[in-house]
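# Coordinates in review
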Amino acid sequence: MPNAEFVIIGGGPAGAATAYHLTRLGARDVVILEQEEVPGLHSSGRNAAILRVVVAGRAVAALAREGGEFIRHIPRDWDEPVEFHACGSLLTGARASLERVAADTPPEELERLRVAWWSPEACVRRVPLLEGAAFETGLWCPLDGVMDVAALLQGYLHE
C-alpha cells in the first residue's frame, strides 16, 4: 500500500469534503480509501439532504454554519452545480431544550441567520400537521434548506 501524508477512510460526504478542503489548504498527498464500488453508497443515498445550521454543540454548530456558507456560496471554480433550496427549517419542542440548542450559536450569528422564535400558533400556521401536537415553541431558521447531496459529493470528489 502506498504511503500518504493524509489518508481518509470513507469516500462519503464527510471524507470527500475533508479531502477537498485539505487540498484547498495546500495538501497534495491526500488519499481516500473507500470499500464500496461507489463513493457515498451508504450515507449519501440515505440522508435527508437537509442543511441545518442551528444545531447543538458549539463546535458542531460552528462547523454547520461554515458548511452552510459553503453550500449557499459554492466556489466559482466548482465543476458540479449543486442545487440548494432555502425553504427554512422549524424545530419544535420544549422552550428550555431549544434555548440550549440556540445557545450554542452566538447571538450575532442567530441574528445574521434571521433565526426567530415562533409561538405554537405560528408553527401550526406554517405546518398544519402540528395541530394538536404538544410543544412549547418553535425555532424558525429561514436560511436552512435542502440540497442535491449527490451533486455535492461529486463536486468534492472531482477536485
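Structural notes, computed from the coordinates. (Residues numbered from 1 in each chain as written. Predicted model: local features only at pLDDT ≥ 70, side-chain atom pairs only at ≥ 80, totals over all residues. Heavy atoms only, no water.)

### With respect to the packing of aromatic side chains
- Per the counting criterion, the structure on display carries 7 aromatic pairs.
- Considering the side-chain rings of Phe70 and Trp78, the 5.4 Å spacing of their centres and the 75 degrees angle between planes classify their relative orientation as edge-to-face.
- On the basis of relative accessible area, Phe70 is assigned to the buried category, the value being 14%.
- Through pairs of rings, three or more aromatic residues link up here, namely Tyr20, Phe70, Trp78 and Tyr156.
- The aromatic ring of Trp117 is capped on one face by Arg95, whose charged end is 4.2 Å from the ring centroid. (Phe/Tyr/Trp six-rings, centres within 6.5 Å; stacked < 30°, edge-to-face > 60°. Buried < 20%, exposed > 50% of the residue type's maximum accessible area, 1.4 Å probe, protein only. Lys NZ or Arg CZ within 6 Å of the ring centre and 35° of its normal.)

### Notes on the nonpolar core
- Of all hydrophobic cores here, the largest spans 27 residues; its most connected members are Val54, Phe70, Trp78, Val115, Leu139, Leu152 and Tyr156.
- Among the secondary structure elements, those contributing two or more residues to this core are α1 (13-24), α2 (58-72), α3 (95-103), β7 (137-141) and α6 (149-158).
- In terms of residue count, the dominant contributor to this core is α6 (5 residues).
- With residues up to four places along the chain from it excluded, the contact list for Tyr156 reads Pro13, Ala16, Ala17, Tyr20, His21, Phe70 and Trp78.
- Grouped together as the second largest cluster of nonpolar side chains are 7 residues, Trp118, Ala122, Cys123 and Val124 included. (Core = buried A, V, L, I, M, F, W, Y, C linked by side-chain atoms within 4.5 Å. Helix = DSSP H or I, 4+ residues; strand = E, 2+ residues; numbered from the N terminus. Contact = heavy atoms within 4.5 Å.)

### Concerning the sheet that holds strand β8 (residues 145-147)
- Sheet architecture is open: 3 strands sit in the order β3-β8-β4, paired in antiparallel fashion. Where the open sheet ends on each side, the last strands, each with one partner, are β3 (50-51) and β4 (84-85).
- Here β3 pairs with β8 via 2 bridges, running antiparallel. The partner of Ile50 across the bridge, within β8, is Val146. (Pairing = 2+ DSSP bridges.)

### As for α2
- Across its 15 residues, α2 extends 21 Å between first and last C-alpha, which sits within 8% of the 21 Å expected from 1.5 Å per residue.
- Turning to α2, its buried residues are Ala61, Ala64, Arg65, Gly68, Phe70 and Ile71.
- On its buried side, α2 packs onto α1, β3, β4, α4 (107-112), β8 and α6. (Expected span 1.5 Å × (residues − 1).)

### Considering the sheet that holds strand β6 (residues 116-118)
- Taken in spatial order, the 3 strands of this open sheet run β5-β7-β6, and their pairing is antiparallel. Because the sheet does not close on itself, it has two edges, and the strands there are β5 (89-93) and β6. Taken over all neighbouring pairs, the strand axes of this sheet differ in orientation by 25 degrees on average, direction set aside.
- Alignment of β5 against β7, held across 5 bridges, turns out to be antiparallel. Looking at β7, one finds that Ser89 is bridged to Cys141.
- Against the sheet, α3 touches β5, β6 and β7, its axis set at about 25 degrees to β7. (Axes fitted to C-alpha atoms, helices over the stretch in contact; angles between N-to-C directions.)

### A look at α1
- The end-to-end C-alpha separation of α1 is 16 Å, in line with the 16 Å expected for 12 residues at 1.5 Å each.
- When α1 is considered as a whole, its buried residues turn out to be Gly15, Ala16, Ala17, Ala19, Tyr20, Leu22 and Thr23.
- Residues of α1 that are buried sit in contact with β1 (6-9), β2 (30-33), α2 and α6.
- Gly26 sits one or two residues past α1 and shows a positive phi near 110 degrees.

No statement about biological role is implied by the geometric values presented.
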